[in-house]
Every structure is written in structure tokens, then in C-alpha cells.
Amino acid sequence: MQLTEAQQQIVEAPVSDLLVSAAAGSGKTAVMTERIVSRIVQGDLDISRVLVMTFTDAAARQMKEKIEQKLSHQRQQATDPKIRQHLKSQQALLAGAAISTIHAFCLTVVKNFSHLAVDGEGQLLLEPGFATADASQADLLLQETLDDVLSARYLMLDTQPQAERPWSDDFLRLVNSFADSRSDNPLRVQLLKLFYYLRSLPDYPAQVAQFRRQIAGNARDFDGSRHAAVLKAQLKLLVDRACSAIPELLALLDEGLELVRDKQNNSDRRAQFRQAFAVLTELQQLLSSSTPPWDELVARALVIEELKAPQSRQKAAPELRRFVALLREQVAEAIHCLTGQWNSDTYRDHFLFDTRYLFQQTSGEIEAELAAMEPVLNQLFDLTLELDTAYRQKKARHGLIDFADFEHFALQILRQPEAAAYYRNRFLEIYIDEYQDTSSIQGAVVEAIGRDNVFMVGDVKQSIYRFRHARPQLFINRAESYRQAAPAQLRTLSSNFRSVPGVLAAVNEVFAQLMS
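Residues numbered from 1 in each chain as written. Predicted model: local features only at pLDDT ≥ 70, side-chain atom pairs only at ≥ 80, totals over all residues. Heavy atoms only, no water.

## Section: the packing of aromatic side chains
Then, in step 1: The final tally for this structure, using the stated rule, is 20 aromatic pairs.
Then, in step 2: Ring centres 6.0 Å apart and planes at 35 degrees place the aromatic pair Phe273 and Phe277 in the tilted group. Placement of both Phe273 and Phe277 in helix H12 (residues 263-289) is noted, with a separation of four residues, approximately one turn of the helix.
Then, in step 3: Centroid distance Tyr422 to Tyr423: 4.8 Å. Interplanar angle 90 degrees. Geometry classified as edge-to-face.
Then, in step 4: Residue classification places Tyr422 among the partly exposed positions, given a relative accessible area of 38%. (Phe/Tyr/Trp six-rings, centres within 6.5 Å; stacked < 30°, edge-to-face > 60°. Helix = DSSP H or I, 4+ residues; strand = E, 2+ residues; numbered from the N terminus. Buried < 20%, exposed > 50% of the residue type's maximum accessible area, 1.4 Å probe, protein only.)

Okay, structure coming up:
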């Protein structure tokens, strides 16, 4: 294939941790396979010493097929008998090459080094001859385990004296927070959601301990928490968006815009809008120059009076329709975030986010609520960890592991010197396709065997597996880190070869406005 200059530079880049941000249709798979085959042809790489991890079995098969085709082509083109023989041997080895999904790789690790999967007392966690539970079997076992865990709690409520169950009040508050008089199913759904999320993390018991500490810290100092910082950053985005429309809105008011027919009412409403726009402008300056205290933002929000948006009927004056359109499209979300006003679908249809009314409570009031809910949240964590332990024991009795176990056992094994040394020595280069859909624990598995030799390719805008706990933030963080400290390790492919120029021009025109 004829490579572009950007593609050729990636193919020829020296071995290191390398992240390729590849737009749709930019030839990322072709570049990855071309790099692998090129290094094989040059004698820098053996197919048996490369690890390629894809997201699906179909993608793994396609990857092998493309490498086979390129090796075959290079063999036909070669005139040196030694190179032809070398490529023939590489083709023969391709069938057994480590090109698979990350789950399949993890299962191979578990099978090869199951003796290293031990508990804190050195007891084996995996019996010889273990089997893999399919999705329906694992789901059934998990549901049975959840029934057991909750039934045991309910039984203790009925049979144990109050003194022997100090957790009971907080547990009942948890149940009442989610369940209703007919069913505890909402609680079950929440427990399973948290369970699956935790299982997507490495070292999740330690993560739970960290979550507990964060909750306790937030209850002591909400304004200094990461959550408050995120909410302030969101408010800044919304206020900046609103302020971009304020000059035109003020100009319309200055031109004598009639919001309602009654002169006094019209004058009052115009004054209210001017006051609200002034508060938004002050907030923009405040948020741009510093990180204001939460309570100061609450105080500013309280100044905004109730705003009655004018009606924009079809026969209304053009300037009134424009005024209303600007309010709905650019200002309403900031006003709702600050005051709770403008919450109807008429406005929410134009919101960027699922924005909530955030600034009605002081930091002290929020801290009091967090402190009251801390023991309830701890019960939620306790129940989820109980479920995890009971589910693990049930699987062990049945001689089963599930798909998530592949990753957790593999990570435990790869953190031990024997297994880590084996895979680090075996694989000279590691390639990861669709890196934007990597989960936290999958990222930890790769880190356990990588040694500045990981080639990652993906497109964060194409991340579609958040429901499987993919973490596109891993891609974003790595890209930002390389951009600042190691720009040579971040490469970009932006040219689309899959669509005709007219389609690309139209799409770029639309999304340049939507995503700027």
C-alpha cells in the first residue's frame, strides 16, 4: 500500500511507548499491520515475539489475515532467498502468534501460571481443571448469590437482637433509599451496577477504601473536594457559553425590545434580564481569574430574580424571536444550574449536559447531608464487597471463573516476578488496537508487562463501550501526558480515506461548529 508521510513516520518510529490518535477511516489497522510486517522484513522482529491485543475476536482474525497477506506479498516481492525463507517461516508461525482479545491473552496467562494465583496464606485460588462460566451461567450464579446475601441480612434483622447488629439502622436507611413497599429490586440493580463497576478496576478493595476516605473528606470539606472543582468547572463552561450571547441580548434590549405589551411589566422584565446578565458577567470574570469559594457562588446565584421568559410565537417580531432563541440555546442552562429556573423541555432540549440545580445549598449544608449519608454509603460498599466474596466462593465451589476473573487473576499473576519476567522477555513489542475502549484493569494488565514497547492506537471520539466500563479517560490522560512531556510519543492520523471529499467537507462543516 502507498503510505502517507504521517503513516510512514509511524511505521518507521523507533520502539517506545507510542500513542496514535487515528480518526475514522485514517488507516490505523493498515498502519499497525504495516509496522509489524515492516519490522519483520527488516529482521527487527519475530512474529512469535509480538503481542497484539484487539477488542473483538473478529478483529483479531482480521488482523492475522492482514498480516498474512502482507507477509505473502513481501515474500513474493523478495529476491533474496534468505529473506524469502525467513518470511516463509514467519507465515508458518503466524497461526500460533499471540494475536487475540485481551481477555483471551489473560486466560492464557492464567492457564500457564495458575500456580501463582494464591491468597494471602499461599493457598491456591484456582483448582486444576477449572472451567469458564458463560455469560448466562455467570449471571445466574451472581443473581443467586445476591439473593443469598440480602436474604441473610433480612434474616438477621428478624432474628438477632439489636445489640448484635449495629449496622441495621444504616442498612434499613439504604434499603428505604432505593426500594419501595413492594420490592427491593432498585437496590439490587444499584448493587449490581456498583459490583460490575468495581470489577472493572484493579485492586478494587483498595479502591473502595479510597472511596470511603473521599466521602469522609468531602463531608469535612466539600469546597476543597474534587467534586466541587468539577462542578465549578462545569459552571464556568456554561457561564462562558451564556456570556457569548449577552452582548447581542443587551443590544436587543437597548433597541427597545418589547417582551410584553404592558409598559410597566415590560420595563420590570427588561430590568430583571439586565440584572441576570450582569450577574453572569460578574461570574465569568470571577471564574476566569480564580477559584471562588462555593458559598460565594451560591450568594451570587441568589441575587438572580425569577425570570419569566417571553413567548416566541410565530407572528412575534423577529427581534423577539431572536432574543428567545438566544436565551434557550445559550443562556438557559447556566440560569438553571444557578437558580433551578427554566427546567422544562423547551429549555432542556438545548442543554449541553444533564444539568442539575446545583447552587441552592451552602457548602456547610452539603457537608451536613454528606455526613448523614456516609454510614448509608458505607453499607452500600459493605454489601457489594459481601456480594463479591460470596460470589467468588460460589464460583470456587463449582470450579468456575468468569470473564472478569480472567483479568483479575492475570493481573495478580503478572505482578509476580516469575510471570512478569517470562512475558517481558517473550514479547519485544506490544500492540493494542482500539485503545480508547480499554478498561482500568486492562490498562493495569498492559502496564504489568510493558517496558517502553507498547504501541497503542485508537480514537477517543469512537469510544462506544462505556457500558462495559471502558475508560476513554486513559487515552485522554496519556495523550495529554505525551503532548506535554514526550511529543514524539504522540502521533496523529487525521486524513479520512473511507469517504468521498464532498461527504467529508459537509461533515467537517457541521462538526466544526458543534465541537468547537
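## A closer look at the packing of helix H11 (residues 246-254) against H12
Then, in step 1: At a minimum axis separation of 11 Å, H11 and H12 run at an interaxial angle of 155 degrees. In terms of orientation, H11 and H12 fall into the roughly antiparallel class. Handedness of the crossing formed by H11 with H12: left-handed. For the pair H11 and H12, contact is made by Ile246, Leu249, Leu250, Leu253 and Asp254 and by Arg270, Phe273, Arg274, Phe277, Leu280 and Thr281, respectively.
Then, in step 2: Here the contact of H11 with H12 is composed, by residue class, of seven nonpolar, one polar and three charged. (Axes fitted to C-alpha atoms, helices over the stretch in contact; angles between N-to-C directions. Parallel < 35°, antiparallel > 145°, perpendicular 65-115°, else oblique. Left-handed = near helix turned anticlockwise from the far one by under 90°. Contact = heavy atoms within 4.5 Å. Nonpolar A, V, L, I, M, F, W, Y, C, P; charged D, E, K, R; others polar.)

## What to know about the environment of Arg348
Then, in step 1: In this fold, Arg348 is placed in helix H15 (residues 345-348).
Then, in step 2: Residue contacts for Arg348: discarding those within four places in its chain leaves His336, Asn343, Asp354 and Thr355.
Then, in step 3: In terms of polar contacts, Arg348 uses its side chain to reach the side chain of His336, at 3.4 Å.
Then, in step 4: Engagement of the side chain of Arg348 in a polar contact is seen with the side chain of Asp354, the distance being 3.1 Å. (Polar contact = N/O pair within 3.5 Å; in protein donor to acceptor, adjacent residues only side chain to side chain.)

## Quick notes on the pairing of strand S2 (residues 50-54)
Then, in step 1: Across the five residues that make up S2, a large majority, five, are buried.
Then, in step 2: Direction of pairing for S2 relative to strand S3 (residues 98-101): parallel, over a ladder of four bridges. Counted as the bridge partner of Val52 is Ile99 from S3. (Pairing = 2+ DSSP bridges.)

## Here we look at the pairing of strand S6 (residues 429-432)
Then, in step 1: Alternating residues of S6 divide into Glu429 and Tyr431 and Ile430 and Ile432, and every residue in both groups is buried.
Then, in step 2: Bridge count between S2 and S6: four bridges; the pairing is parallel. The partner of Val50 across the bridge, within S6, is Glu429.
Then, in step 3: Alignment of S6 against strand S7 (residues 454-458), held across three bridges, turns out to be parallel.

## Looking at unusual backbone geometry
Then, in step 1: Of note, the phi angle at Trp342 is positive, near 60 degrees, even though the residue is not glycine.
Then, in step 2: Within the element layout of this structure, Trp342 appears in the loop between helix H14 (318-339) and H15.

## As for the pattern of salt bridges
Then, in step 1: Under the defined criterion, the tally for this structure stands at 27 salt bridges.
Then, in step 2: Of the charged contacts, one joins Asp147 and Arg188 as a salt bridge, the two residues approaching to 2.5 Å between their closest N and O atoms. Taken as a pair, Asp147 in helix H6 (residues 135-159) and Arg188 in helix H8 (residues 185-199) lie far apart in primary sequence, 41 residues in all.
Then, in step 3: We classify Asp147 as partly exposed; its relative accessible area is 34%.
Then, in step 4: By relative accessible area, Arg188 is classed as buried at 17%.
Then, in step 5: Note that Arg300 is salt-bridged to Glu296, the shortest N-O span being 3.2 Å. Linking Arg300 with Glu296, this pair stays in helix H13 (residues 294-303), spanning four residues, or about one helical turn.
Then, in step 6: For Arg300, a relative accessible area of 24% gives the class partly exposed. (Salt bridge = Lys/Arg side-chain N within 4 Å of Asp/Glu carboxyl O.)

## Some details on the side chain of Thr54
Then, in step 1: Along the chain, Thr54 turns up in strand S2.
Then, in step 2: Look at Thr54 and you get buried, because its relative accessible area is 4%.
Then, in step 3: From its side chain, Thr54 meets the backbone oxygen of Thr56 in a polar contact 3.0 Å long.
Then, in step 4: A polar side-chain atom of Thr54 sits 3.4 Å from the main-chain amide nitrogen of Ala60.

## Digging into the sheet that holds strand S8 (residues 490-493)
Then, in step 1: Pairing within the open sheet is parallel, and its six strands lie in the order S3-S2-S6-S7-S1-S8. Either end of the sheet is taken by a strand with one partner, and the two such strands are S3 and S8. Shown here is a sheet whose adjacent strand axes are inclined to one another by a mean of 15 degrees, direction ignored.
Then, in step 2: Packed onto the sheet, helix H2 (residues 28-41) meets strand S1 (18-22), S2, S6, S7 and S8 and runs at close to 165 degrees relative to S6.

## Notes on the nonpolar core
Then, in step 1: Judged by nonpolar contacts, the single largest core of 47 residues is most densely connected at Phe273, Phe277, Leu280, Phe323, Val331, Trp342 and Phe359.
Then, in step 2: Residue assignment for this core shows that the elements contributing at least two residues are helix H10 (226-243), H11, H12, H13 and H14.
Then, in step 3: Element by element, the count of residues in this core is highest for H14, at 11 residues.
Then, in step 4: If we skip the residues at most four places from it in the chain, Val331 touches Ala242, Ala245, Leu249, Phe277, Leu280, Leu326 and Trp342.
Then, in step 5: Formed by 40 residues, the second largest nonpolar core is a distinct cluster that contains Leu116, Ala117, Ile401 and Ala419. (Core = buried A, V, L, I, M, F, W, Y, C linked by side-chain atoms within 4.5 Å.)

## Considering the side chain of Gln341
Then, in step 1: Take Gln341: it is sitting in the loop between H14 and H15.
Then, in step 2: Judged by relative accessible area, Gln341 falls into the buried class, the value being 15%.
Then, in step 3: Among the polar contacts listed, one links the side chain of Gln341 to the backbone oxygen of Glu305, at a separation of 3.1 Å.
Then, in step 4: With residues near it in sequence (within four places) discarded, Gln341 still touches Ile304, Glu305, Glu306, Leu307, Ile335 and His336.

## Focus: the state of the cysteines
Then, in step 1: By the definition in use, this model includes zero disulfides.
Then, in step 2: The structure places no disulfide on Cys337, whose sulfur is separated from the nearest cysteine sulfur, that of Cys243, by 13 Å.
Then, in step 3: The exposure class assigned to Cys337 is buried, which follows from its relative accessible area of 0%. (Disulfide = S-S within 2.5 Å.)

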